[in-house]
Protein chains: 2
Amino acid sequence: MNESFLSACRSEPVGRTPVWYMRQAGRFLPEYRELRERYGILEICRTPELAAEVTLMPVRRMDVDAAVLFSDIMVPVAAMGVDLQIEAGRGPVIERPLSSVSDVERLRAIDPPKDLSFIEKAVQMLVVELDVPLIGFSGGPFTLASYLIEGGPSRSFARTKSLMFGDPEAWGSLMERLTQAIVASLRSQIEAGASAVQVFDSWAGTLSAADYAEHVLPYSKRVFAGVEDLNVPRIHFAVGASHLLEQMRDAGADVVGVDWRLPIDVARERLGSGVAVQGNLEPAALLGPFEGVEEKTRDILRRAGEAPGHIFNLGHGVLPDTDPDSLYRLTELVHEVSAR
Amino acid sequence: MNESFLSACRSEPVGRTPVWYMRQAGRFLPEYRELRERYGILEICRTPELAAEVTLMPVRRMDVDAAVLFSDIMVPVAAMGVDLQIEAGRGPVIERPLSSVSDVERLRAIDPPKDLSFIEKAVQMLVVELDVPLIGFSGGPFTLASYLIEGGPSRSFARTKSLMFGDPEAWGSLMERLTQAIVASLRSQIEAGASAVQVFDSWAGTLSAADYAEHVLPYSKRVFAGVEDLNVPRIHFAVGASHLLEQMRDAGADVVGVDWRLPIDVARERLGSGVAVQGNLEPAALLGPFEGVEEKTRDILRRAGEAPGHIFNLGHGVLPDTDPDSLYRLTELVHEVSAR
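Residue positions are given per chain, counted from 1 along the sequence in the order it is written. In the order they appear in the text, chains get letters beginning with A and ligands get numbers beginning with 1. Given that this is a predicted model, residues contribute local features only at a pLDDT of at least 70 and side-chain atom pairs are listed and counted only at 80 or more, while totals for whole chains, interfaces and linings are drawn from all residues. Side-chain calculation: all heavy atoms of the structure are included, whereas hydrogens and water are not.

Caption draft 1: Structural view of the relation of the copies chain B and chain A. Only residues with pLDDT of at least 70 in both copies contribute their C-alpha atoms to the least-squares superposition of the copies. Overlay of chain B on chain A (RMSD 0.0 Å): rotation 180°, translation along the axis 0.0 Å. The symmetry that links the two subunits is that of a two-fold axis. Considering only C-alpha atoms, the residue of chain B closest to the rotation axis is Gly240 of chain B, which sits at 3.3 Å. In this analysis, two residues are considered to be in contact whenever any of their non-hydrogen atoms come within 4.5 Å of each other. Both copies contact each other with a shared surface, as 100% of the interface residues of chain B are interface residues in chain A too.

Written out as structure tokens, the structure is:
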């Protein structure tokens, strides 16, 4: 077993910087697009053999140091009784978005052995196959709430914030239920064999530091505390959240994911020692010539420095138009340049 | 003439903190929505009487310390020969987005007296009517480029960045042409009577600090330098750009607009003296109860401190669902609390 990813998560020294990519099991891979011609996204998520197969695709192609379970952050939410679709190129779409405390109260608590058994099975199948750690994941509380309330993609998150500011009872009840579902989902993935977990609170960066502290952080803390006894590294990630890094660490993360906006040395400086960082190549760099990718990558590795605790990744998911060859070359490059 | 806005822009002392709102002439106003039932957005922009009328609407309703010309950032771009629509609730949509240097080379240089005479007329009409300063504006170079390349709203700006990283010739030529058009448009507004200008490079925050420095800042500098001799305050604004504040100042701004993510005292601390700040109430706070708005507003005014050079504003445009009464109350509140 290649343990470098787990060592780096624990801020322990490694022979070379471990690397994996958010959405490495996704649309940029021709074999994934081929599979998607036959199956819907939720269908793949709910069929252990297919989810495992997609999870393995990038691992077969590239020398990544971790696999990430193929699933969708809305899968546990669907199990709470929400009728939703995942539309290609658009994301989760919900017919009847939540707008009141009574909508919220209709959300069911999930029981993973019953509701998410397909995930447990996929994880169990994968840990037998893999010789790198498997990362389980969940959406974060703000991000899941935002999909449930907006009903689709949003730029302003106006409905979400309107409920957050205007209906504390509904917001509290929603965050409470989501927190429980997130913990249950993460625990079931870890118990089935996942070696680490990442919480994608992708859109939390749309909140001010003060509003994040008041309306989200208390729940994020419970999410991280809720899996602490299982003793696996916990990664916390959001985009456009340069202003929230310290709070994301304080939520209880072992690793903070940093998007591409902030130089990673600045992020490390602000976060201090004792917490690892993950990132932070601009995903769109891979749409340009490889020389640009190489320059940025060398800069990131230089800035990340010699102190242990850096996992190389993109600053957000692999973009669908990314040339797979560029990503393979990038993986080699990171290993080569960082070899100690 | 109420000069407090201009004094604050110049970091000079004022009797009370001046206030205006991005999109104060917009969809939250019932009288605007009524007008929109009869006229399209571009039609209003291109009819001096209508543009002036909409500009005056919020000034009649509220005691704001500045008016902002009603227009659309795509108006000068349309004058460059681009076929575009402004779709309600969606923004600019372009039938044939730019994707190559030959597309870029088809963009015409604008000649404001000919191409933007309706703006000049609207400004001339307004400065006679108004007893507060009129703010002219333009989109910033990255933001205009992104609309031209994406063809519609985007979350990843993948096409824009792909061109930026992958086709430096097309990118350079596009930024060059946009810079000239922006300067021409700003100069014509100032020469017609605008007392200040704001450059909305709204989506520049999607770039890393290094990429902004390399691919955008040189052009932003030329934009600000291009109107320096006209000696009016220049405001520079982007959303989600906490990591770019210093660069936005260094582009040549007298005032840096700060969205709601970063506490305004942190922004002032980072920017140093000699530059004013504008902001920074979370626009969605106005969708909640007024007590929340009041608490946040008092906090902003306290954090902005006693040093001159703060213009109160929202951190982004007024959201369409904002209750007009909340905004009127907010305006009073800012004046009351900040009275010296």
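Caption draft 2: Local environment of the environment of Gly89 of chain A. Helix numbering and strand numbering both begin at the N terminus, where a helix is a DSSP run of H or I of at least 4 residues and a strand a DSSP run of E of at least 2. Tracing the sequence through the fold places Gly89 of chain A in the loop between strand S2 (84–87) and strand S3 (91–94). For each residue, the accessible area found with a 1.4 Å probe, counting protein chains only, is set against the maximum for its type, and the residue is called buried under 20%, exposed over 50%, and partly exposed in between. Accessibility expressed as a relative area gives 65% for Gly89 of chain A, which makes it exposed.

Caption draft 3: Just the interface of chain B and chain A, in detail. Listed per partner, the contact involves 31 residues of chain B and 31 residues of chain A. Joining two parts hides part of their accessible area as seen by a 1.4 Å probe, and the buried area is that hidden amount summed over both. Summed over both partners, the interface of chain B with chain A buries about 2300 Å², with 57% contributed by carbon and sulfur atoms. The salt bridge definition used is simple: a Lys or Arg side-chain nitrogen within 4 Å of an Asp or Glu carboxyl oxygen. Linking chain B with chain A are 4 salt bridges. Where Glu282 of chain B meets Lys161 of chain A, a salt bridge forms, and the shortest distance between an N and an O atom there is 3.0 Å. The definition of a polar contact used here is a pair of N or O atoms within 3.5 Å, where within protein one atom must be able to donate a hydrogen and the other to accept one, and adjacent residues in sequence count solely through side-chain atom pairs. Linking chain B with chain A are 12 residue pairs in polar contact (both at pLDDT 80 or more), by the criterion used here. Taken together, the elements giving at least two residues each to the side of chain B that touches chain A come down to helix H10 (158–166) and helix H12 (209–215) of chain B. If one sorts the elements of the side of chain B that touches chain A by residue count, H10 of chain B sits on top with 5 residues. Only Asp, Glu, Lys and Arg are considered charged in this grouping, and only Ala, Val, Leu, Ile, Met, Phe, Trp, Tyr, Cys and Pro are considered nonpolar; every other residue, Gly among them, is considered polar. Within the side of chain B that touches chain A, the residues separate by chemical class into 15 nonpolar, 10 polar and 6 charged.

Caption draft 4: Molecular detail of the side chain of Ser154 of chain B. Residues and elements named next belong to chain B. As for its position among the elements, Ser154 is in the loop between helix H9 (141–150) and H10. Note on Ser154: relative accessible area 14%, which makes it buried. Among the polar contacts made by the side chain of Ser154, one reaches the side chain of Glu150 at a distance of 3.5 Å.

Caption draft 5: Main features of the packing of aromatic side chains. Any Phe, Tyr or Trp ring, taking Trp's six-membered ring, that has another such ring centre within 6.5 Å forms a pair; planes under 30 degrees apart are called stacked, those over 60 apart edge-to-face, and the others tilted. One pass over the full model with this rule turns up 12 aromatic pairs over all chains. A centroid spacing of 6.4 Å and a plane angle of 40° characterise the contact between Phe157 of chain B and Trp203 of chain B, whose relative ring orientation is tilted. Placement of Phe157 of chain B in the loop between H9 and H10 and of Trp203 of chain B in the loop between strand S5 (196–200) and H12 is noted, with a sequence separation of 46 residues between them. Residue Trp203 of chain B is classed as buried on the basis of its relative accessible area, which comes to 12%. Site record: aromatic cluster; members linked through ring pairs are Phe142, Phe157, Trp171 and Trp203 of chain A. Its end group placed over the ring of Trp203 of chain B, Arg155 of chain A keeps NZ or CZ at 4.0 Å from the ring centre. A cation sits over an aromatic face here: Arg329 of chain B above Phe290 of chain B, 4.0 Å from the ring centre. Look at NZ for Lys and CZ for Arg. If either is within 6 Å of the ring centre and within 35 degrees of the ring normal, a charge sits over the ring.

Take it as geometry only, folks, not as evidence of what the structure does.
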